[in-house]
Amino acid sequence: MMIRKIQKEILILKQSLTGRTINRIAFVGNYSPRQCGIATFTTDLCEAIATQYSGTTCIAMPVNDVVTGYAYPTRVRFELTEKDINSYLRASDFLNINDVDLVCLQFEYGIFGGKAGSHILALLRGLRMPIVTTLHTILKTPDHDQRRVLEEVAALSDRLVVMSERGSEFLQKIYNVSPEKIDLIPHGIPDVPFVDPSFNKDLFGVEGKTVLLSFGLLSSNKGIETVISALPEIVARYPDIVYIVVGATHPHVIQNEGETYRLSLQWLAQQKGVESNVIFYNRFVSLEELVEFISAADIYITPYLNEAQIVSGTLAYTLGAGKAIISTPYWYAQEILSEGRGMLVPFSDPSALAEQVIKLLDNESERHAMRKRAYMFGRKMIWSEVAQRYMESFERARVERRHYIPPGFIAKALDKYPGELPPLKLDHLNHLTDYTGILQHSLFTVPNYSHGYTTDDNARALLVSILLDKLGNNKSLDLASRYLAFLGFAFNAENGQFRNFMDYQRNWLEEKGSDDSQGRTLLALGTVLNHSNALVLKGLAGWLFEQALPAILLTTSPRAWAFTLIGIDEYLQKFAGDSRVSRVQNELAERLLTLYQNNRSDEWRWYEKSLSYCNAALPHALLTCGKSIPNEAMTTAGLESLNWLADLNRAGAGHFVPIGSNGFYHYGSERARFDQQPVEAQAMVSACLEAFRITGDKFWNKEARRAFEWFLGRNDLNLSIYDPTTGGCRDGLHSDRLNENQGSESTLAFLQSLLELRLAEQAHLSMKVILK
């Protein structure tokens, strides 16, 4: 049964994501015009995704290795400084607050600061969205730091992209990465036609020549000297041979060694007597120029000096262009040139290289067959195809995310540590409150004046301030007075109801608020009348409660009835002899019980044919009525429906999963898993604590704490909804990230839940003292 439940939850989770698009992707890695292979790859991948998926915004976050930076295009939104770890931390914050749906990291040890590129970990640890990492280097024999960094990058990433089978094999055998986490996606290449090499030779003044080509940023590990050393033997057979070496010296080599390597190659050509057969193009060429160079080549050569290269962009480009290729047997070449797509020669062996070049030039039919096999194989590597494969990986990362939980967000199971509740922090509550009342929304943590105020939120805030007063907070009365004054201003004496929406200029936007706002206000007023000792508050609260109560009978919302009933229960605990209020209680309670009886079935124990928002308020209300009227049928219905809801909201892994607001849950349909709202957790905490008070069953105390842990990170994404730095609460949990805005509804939902749990603990401790 448990396995089937977990499987069903996974299915629901996947279905909740169906049709949703990834709107914003950030690509982290070097970027053009920086001159390096990673920069070219990141730029090409980013542009391919942006072209293929025009509805997706792609932004780039490159790493600067020089103080002056580079003249980046507008797609670059934030620049990292290679050796400054604080820039990585700032970058993490930047991504979190800019509504990025997914981060695509290009990982190479040498482009990030710290030992073995460890600075990138500071960025990854703080991210709150899925991460897909492309690994450009996977070492067979890493040192301690290299292993540590790659293993943590792998742990922090939701998916890992490799560009060769050997890369996948190394990850599994050396770094203990699950194969389920790995996507094999080939290196992307431009889509070029299959052309005769003679077509573009005139562009470079080599028409009528046989062209050998190598390209890429020059450094001593490229093995160009092997080709130059082989040229005398080749030229003796084919005097029209010309060897073109395209590419500037690598910037880091220039910085440390200057042009020593290039000069050594020129001297070697002179020494071998082939200087007239070697042409150096000492500059970083554009993609368009590179394609022209490749098209003019008869044979492409990669003479690298060691096997430890897991991928090669230059080799991928020439293979995809349908070139005859000769290479040394480094890892990537062994794999991609198999099945007759190229020839391999030993490392640093000019004689073997000369022999293979001559063999290919002697056998034109074999050379062209090799070209065709290479070109056909490369069709699946063109950027449009690769972009689709990456987007598939991105979608898998969203659905199957394995998010690393930062240490600061790990939530302890509160049912095991009953004394551990977060400290009370009211900074954000105070930040949202002005002399008028509490503002409705915020942009991140900044109050959003354009949305003004609501009676709903000021009623919630009044309730929270009264709970603060019960805990002895010395600033609570000032807050309560402010919120109560707002409710007094909201009351419309002409219709006996509260207005709800008011703009920042204090203009009411309606004459009558929603049914729910009426009920929620009565709930807050009843709480004041039961728990406040301040006569100045109770006087206005009592008058408003009396004036507004009759109109609640005109409402049709079950939740409005539920909020009112909970407020009436608070009121009657203080004024049990008020027959007028008791009559309203009986009327609304009967309505709610009738709803339940009319809609309930064995498989659907609920009040309506759908579950939407603040669901637990309905059984909570019936429980209070069953206790105070008293009415056993109401108590039974309340416990039965709350138990059903608790089971529905419990994931197979044991954490709280409220009904998502993106579709809710209609009878006979699949429930919405997201977006998950803080008011759901709050309503569940309040209802379960009421059930515990009525029954004494510790099960309900545990369920209250289970719901509260949702705020602290025990949820589908293992992300803390509560922000301990501000005392605020984020506005919800999307399928792949947090809603980073911290509005009043969310913040008050957290504070009410925390305060009710603290008061429950106080009551429990007081009872222990009495019993002793």
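Definitions and limits used
- Residues numbered from 1 in each chain as written.
- Predicted model: local features only at pLDDT ≥ 70, side-chain atom pairs only at ≥ 80, totals over all residues.
- Heavy atoms only, no water.
- Helix = DSSP H or I, 4+ residues; strand = E, 2+ residues; numbered from the N terminus.
- Buried < 20%, exposed > 50% of the residue type's maximum accessible area, 1.4 Å probe, protein only.
- Contact = heavy atoms within 4.5 Å.
- Areas by Shrake-Rupley, 256 points an atom, 1.4 Å probe, with all protein chains shown as cover.
- Lys, Arg positive; Asp, Glu negative; His and termini not counted.
- Charge placed at Lys NZ, Arg CZ, Asp CG, Glu CD.
- Pairing = 2+ DSSP bridges.
- Axes fitted to C-alpha atoms, helices over the stretch in contact; angles between N-to-C directions.
- Salt bridge = Lys/Arg side-chain N within 4 Å of Asp/Glu carboxyl O.
- Phe/Tyr/Trp six-rings, centres within 6.5 Å; stacked < 30°, edge-to-face > 60°.
- Lys NZ or Arg CZ within 6 Å of the ring centre and 35° of its normal.
- Expected span 1.5 Å × (residues − 1).
- Parallel < 35°, antiparallel > 145°, perpendicular 65-115°, else oblique.
- Left-handed = near helix turned anticlockwise from the far one by under 90°.
- Polar contact = N/O pair within 3.5 Å; in protein donor to acceptor, adjacent residues only side chain to side chain.

(A) Quick peek at the overall build of the protein. The helix and strand tally for the protein stands at 27 helices and 25 strands. Each principal axis of the C-alpha atoms in the protein carries an extent, and together these give about 115 × 55 × 50 Å. Classification of the 772 residues of the protein by burial places 59% in the buried group. Taking contacts inside the protein between residues at least 6 apart in sequence as the whole, the part at least 24 apart equals 69%. When the accessible area of the protein is evaluated, it comes to approximately 31100 Å², of which 52% is carbon and sulfur surface. When the 77 positive and 87 negative side-chain charges of the protein are each reduced to one mean point, those points stand 5 Å apart.

(B) How the structure looks around the sheet that holds strand β12 (residues 299-302). Pairing is parallel in the open sheet, where 6 strands are placed in the order β11-β10-β9-β12-β13-β14. Edge strands, defined here as strands with exactly one partner in the open sheet, are β11 (278-281) and β14 (343-344). Of the pairings in the sheet, the one linking strand β13 (residues 324-327) to β14 comprises 2 bridges and is parallel in character. Bridging from a neighbouring strand, Ile 326 pairs with Met 343 of β14. Against the sheet, helix α7 (residues 224-237) contacts β9 (210-215), β10 (241-246), β11 and β12, and its axis sits at roughly 170° relative to β10. Sitting on the sheet, helix α14 (residues 364-378) touches β12, β13 and β14, and the angle it makes with β13 is about 90°.

(C) Spotlight on the pattern of salt bridges. Under the definition given, this model contains 43 salt bridges. Here Asp 427 and Lys 425 are joined by a salt bridge, their closest N and O atoms 3.5 Å apart. For the salt bridge of Asp 456 with Arg 520, the shortest nitrogen-to-oxygen distance reads 2.6 Å. Separated by 64 residues along the polypeptide, Asp 456 in helix α17 (residues 455-470) and Arg 520 in helix α19 (residues 515-531) bring together distant segments of the chain.

(D) Quick peek at the packing of aromatic side chains. Under the counting rule described, the total for this entry stands at 35 aromatic pairs. Geometrically, the ring pair formed by Tyr 88 and Phe 112 is edge-to-face, given 6.5 Å between the ring centres and 70° between the ring planes. Here Phe 112 lies in the loop between β5 (102-107) and α4 (119-125) and Tyr 88 lies in helix α3 (residues 85-97), a separation of 24 residues in the sequence. Ring pairs connect the aromatic residues Tyr 596, Trp 604, Trp 606, Tyr 607, Trp 644, Tyr 665 and Tyr 667, which therefore count as one cluster. Against the face of Tyr 175 rests Arg 147, its NZ or CZ located 5.6 Å from the ring centre. The ring of Phe 377 has Arg 341 lying over it, and the distance from NZ or CZ to the ring centre is 3.8 Å.

(E) Here's a closer look at α17. Look at α17: 23 Å from first C-alpha to last across 16 residues, which is about the 22 Å you get at 1.5 Å a residue. Burial runs high along α17: 14 of the 16 residues are buried. Backbone geometry just after α17 places Gly 472 at a positive phi near 85°.

(F) Focus on the packing of helix α23 (residues 617-628) against helix α25 (residues 678-695). The interhelical angle for the contact between α23 and α25, taken along N-to-C directions, is 25°, at an axis separation of 9 Å. Between α23 and α25, the interaxial angle falls into the category roughly parallel. Crossing handedness for the pair α23 and α25: left-handed. In this structure, α23 uses Ala 617, His 620, Leu 623, Thr 624 and Lys 627 to contact α25, whose residues at the interface are Ala 683, Ser 686, Ala 687, Glu 690, Ala 691 and Ile 694.

(G) Structural context of the side chain of Asn 448. Summarising the element assignment, Asn 448 is placed in strand β16 (residues 446-454). On the accessibility criterion, Asn 448 (11% relative accessible area) is buried. A polar contact is formed between the side chain of Asn 448 and the side chain of Ser 450, at a distance of 2.5 Å. Excluding residues that lie within four positions of it along the chain, Asn 448 makes contacts with His 441, Ser 442 and Leu 443.

By themselves these figures say nothing about function.
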